[in-house]
Amino acid sequence: MIIKESSEQASELVAHWIGKAIEQNPSAVLGLATGKTPLRVYEKLVQRHEAGELNFKKVKSFNLDEYVGIGPEHPNSYAHYMRSHLFAKTNFKEENTFIPDGLTQDIVKECRSYEKKIAKEGPIDLQLLGIGRDGHIGFNEPGSSLRSRTRLKTLTKETREDNAVHFSESSRIPIHVMTMGLGTIMEAKQIILMAFGKDKAQAVSLCVEGPVSAFVPASILQFHNNVKIVIDKEASSLLKNREYYEWVYAQKPDWQMP
Ligand code: F6R
């Protein structure tokens, strides 16, 4: 648990770790998220690439999810998001970036083939996650099987409302998505979950301090042996053990520091 003063500081640290993973392994396989939360991280990675410090030529990426019914050219698709915030601004090779095809005519086949691609290119070395107010990761909404694989999911009303800001007409927000499952996410070697703002405080506290339950899908991360949860002060406000987490981080031996 790493609680930073601000989302800016937290994003700096996460970008540093991603950079380090790529320096250590130029062919690293990243699992990437969309949404508001990782935006600053992507900006920082782009800056480091422009400064000649980061090379994405051999890096591969798998995105967590995509809306069903909209294609990669649609401004609200996650394929478009990734291109405009990261891929087109760096030297990622298009053939190394993977995301489910929102326009597929056969969703079951597309999800199976996505799993196969992850199995072939993976395992994912570093998986980046945001968290929904309802505790979802990817779009594994409450009730998702803790062992689920990439499949079709139906967004909750709350998630659709949260995502409405990105769509010009709220009625147009897709209802369905394809998302990596919780079982898929759990196979990543390392996971970094980020959460910023007081709206995420309850989800963070249930994820970290609540019981593991399909009702709070992010709580499955308690079973993973290499997870970092990087949050700002506001998102930490409901943690019972907050002081302890801060104390642990302050006492970290040098060799454990970023
Ligand atoms: C996005 C994703 C979602 C988001 C979550 C938080 O690819 O998988 O789980 O990470 O909905 O979204 P923001 O960051 O917009 O609050």
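Residues numbered from 1 in each chain as written. Predicted model: local features only at pLDDT ≥ 70, side-chain atom pairs only at ≥ 80, totals over all residues. Heavy atoms only, no water.

## What to know about helix α7 (residues 201-209)
Argument step 1. Looking only at α7, the buried set comprises A201, A203, V204, S205 and C207.
Argument step 2. Looking at the buried positions of α7, the neighbouring elements they touch are β9 (190-195) and β10 (227-232). (Buried < 20%, exposed > 50% of the residue type's maximum accessible area, 1.4 Å probe, protein only. Helix = DSSP H or I, 4+ residues; strand = E, 2+ residues; numbered from the N terminus. Contact = heavy atoms within 4.5 Å.)

## Some remarks on the nonpolar core
Argument step 1. If you look at the biggest cluster of nonpolar residues, it comprises 39 residues, and the most contacted ones within it are I18, L45 and L86.
Argument step 2. Sorting the residues of this core by element identifies α1 (7-24), β2 (29-32), α2 (39-50), α3 (78-85), β6 (126-129) and β9 as the ones contributing at least two each.
Argument step 3. Among the elements that make up this core, the one with the highest residue count is α1 (eight residues).
Argument step 4. Excluding residues that lie within four positions of it along the chain, I18 makes contacts with L30, V41, L45, L126 and L128.
Argument step 5. Listed in part, the 31 residues of the second largest apolar core include F98, I185, I191 and I229. (Core = buried A, V, L, I, M, F, W, Y, C linked by side-chain atoms within 4.5 Å.)

## Observations regarding the packing of aromatic side chains
In this description, an aromatic ring pair is defined by two values, namely the gap between the centres and the angle between the planes.
Argument step 1. Inspection of the entire model under this criterion finds nine aromatic pairs.
Argument step 2. On the basis of an interplanar angle of 70 degrees and a centroid distance of 5.7 Å, the ring pair of F62 and Y114 is categorised as edge-to-face. Here the residue F62 occupies a position in strand β3 (residues 60-63), and Y114 occupies one in helix α4 (residues 107-121), the gap between them amounting to 52 residues. Comparing F62 with Y114, the two get one shared label, buried.
Argument step 3. Three or more aromatic residues link up through ring pairs in this structure, and these residues are Y42, Y67, Y78, Y81 and F139.
Argument step 4. The ring of W17 carries the charged tip of K228 above its face, separated from the ring centre by 4.9 Å. (Phe/Tyr/Trp six-rings, centres within 6.5 Å; stacked < 30°, edge-to-face > 60°. Lys NZ or Arg CZ within 6 Å of the ring centre and 35° of its normal.)

## Regarding the site of the ligand
Argument step 1. In the vicinity of the ligand there are 13 residues, among which T37, D65, H136, G138 and K200 approach most closely.
Argument step 2. The contact in question runs from an oxygen atom of the ligand to an N or O atom on the side chain of T34, over 2.8 Å.
Argument step 3. T37 places a polar side-chain atom, nitrogen or oxygen, 2.4 Å from an oxygen atom of the ligand.
Argument step 4. With the chains in place, 95% of the 410 Å² that the ligand exposes on its own is no longer accessible.
Argument step 5. Here the shell around the ligand is composed, by residue class, of three nonpolar, seven polar and three charged. (Near = heavy atom within 4 Å. Polar contact = N/O pair within 3.5 Å; in protein donor to acceptor, adjacent residues only side chain to side chain. Areas by Shrake-Rupley, 256 points an atom, 1.4 Å probe, with all protein chains shown as cover. Nonpolar A, V, L, I, M, F, W, Y, C, P; charged D, E, K, R; others polar.)

## Focus on the sheet that holds strand β7 (residues 151-154)
Argument step 1. With antiparallel pairing, three strands are arranged side by side in an open sheet as β4-β8-β7. Strand pairing shows two members of the sheet lacking a second neighbour, β4 (65-67) and β7, which therefore form its edges. Averaged over neighbouring strand pairs, the angle between their axes works out to 30 degrees when direction is ignored.
Argument step 2. Here β4 runs beside strand β8 (residues 176-179); their pairing, made up of three bridges, is antiparallel. Residue Y67 lies in a different strand from β8, and its bridge partner there is V177. (Pairing = 2+ DSSP bridges. Axes fitted to C-alpha atoms, helices over the stretch in contact; angles between N-to-C directions.)

## Examining the pairing of β9
Argument step 1. Counting buried positions along β9 yields six of six residues, so the element is predominantly enclosed.
Argument step 2. The two faces of β9 match: Q190, I192 and M194 on one face and I191, L193 and A195 on the other face are all buried.
Argument step 3. Strand direction decides the pairing type here: β6 and β9, joined by four bridges, are parallel. Following the sheet pairing, L128 is matched in β9 by I192.
Argument step 4. Considered for its hand, the β-α-β crossover made up of β9, α7 and β10 is right-handed. (Right-handed = clockwise from strand over helix to strand, strands pointing away.)

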